[in-house]
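Chains, contacts and geometry: an overview
Here are the chains, one letter per residue:
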Amino acid sequence: MSLLKTTRLTKQGSRFEIEIPPECVEKLGWRNGLVLEIDIQDSEAVIKKLQGFVGK
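Rules used in this analysis
Residues numbered from 1 in each chain as written. Predicted model: local features only at pLDDT ≥ 70, side-chain atom pairs only at ≥ 80, totals over all residues. Heavy atoms only, no water. Helix = DSSP H or I, 4+ residues; strand = E, 2+ residues; numbered from the N terminus. Buried < 20%, exposed > 50% of the residue type's maximum accessible area, 1.4 Å probe, protein only. Contact = heavy atoms within 4.5 Å. Areas by Shrake-Rupley, 256 points an atom, 1.4 Å probe, with all protein chains shown as cover. Lys, Arg positive; Asp, Glu negative; His and termini not counted. Charge placed at Lys NZ, Arg CZ, Asp CG, Glu CD. Salt bridge = Lys/Arg side-chain N within 4 Å of Asp/Glu carboxyl O.

**Looking at the overall build of the protein chain**
Looking only at helices and strands, the protein chain has 1 helix and 4 strands in total. Along the longest, intermediate and shortest principal axes, the C-alpha atoms of the protein chain span 30 × 25 × 20 Å. In the protein chain, which comprises 56 residues, the proportion classed as buried is 9%. Taking the intrachain contacts of the protein chain between residues at least 6 apart in sequence as the baseline, contacts between residues at least 24 apart amount to 6%. When the accessible surface of the protein chain is summed, it comes to about 5,400 Å², and 51% of that surface belongs to carbon and sulfur atoms. Of the side chains in the protein chain, 9 bear a positive and 8 a negative charge, and the two mean positions are spaced by 7 Å.

**Quick look at the pattern of salt bridges**
A complete count under the given rule lists 2 salt bridges for this structure. For Lys-5, the salt bridge goes to Glu-23, with nearest N and O atoms at 3.0 Å. Here Lys-5 is found in the segment before strand S1 (9-12), whereas its partner Glu-23 is found in helix H1 (residues 22-28), with 18 residues between them in sequence. A residue is classified by how much of its surface remains accessible, and Glu-23, at 36% relative accessible area, is partly exposed. The salt bridge partner of Glu-17 is Arg-15, with a shortest N-O separation of 3.4 Å. Since its relative accessible area comes to 55%, Arg-15 is described here as exposed.

Right, dumping it as structure tokens:
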């Protein structure tokens, strides 16, 4: 089952942040501090979870 959501790109100082809706994070089983890979091709971006964890 697919989950399609619209999100927002915001600039915080010199960096950009992508808001990921909580229901998407929950469906993927992600949590704070996961290492993510962003693959950019043409006008599309694919975000994947990598092995590893950064955080406290």
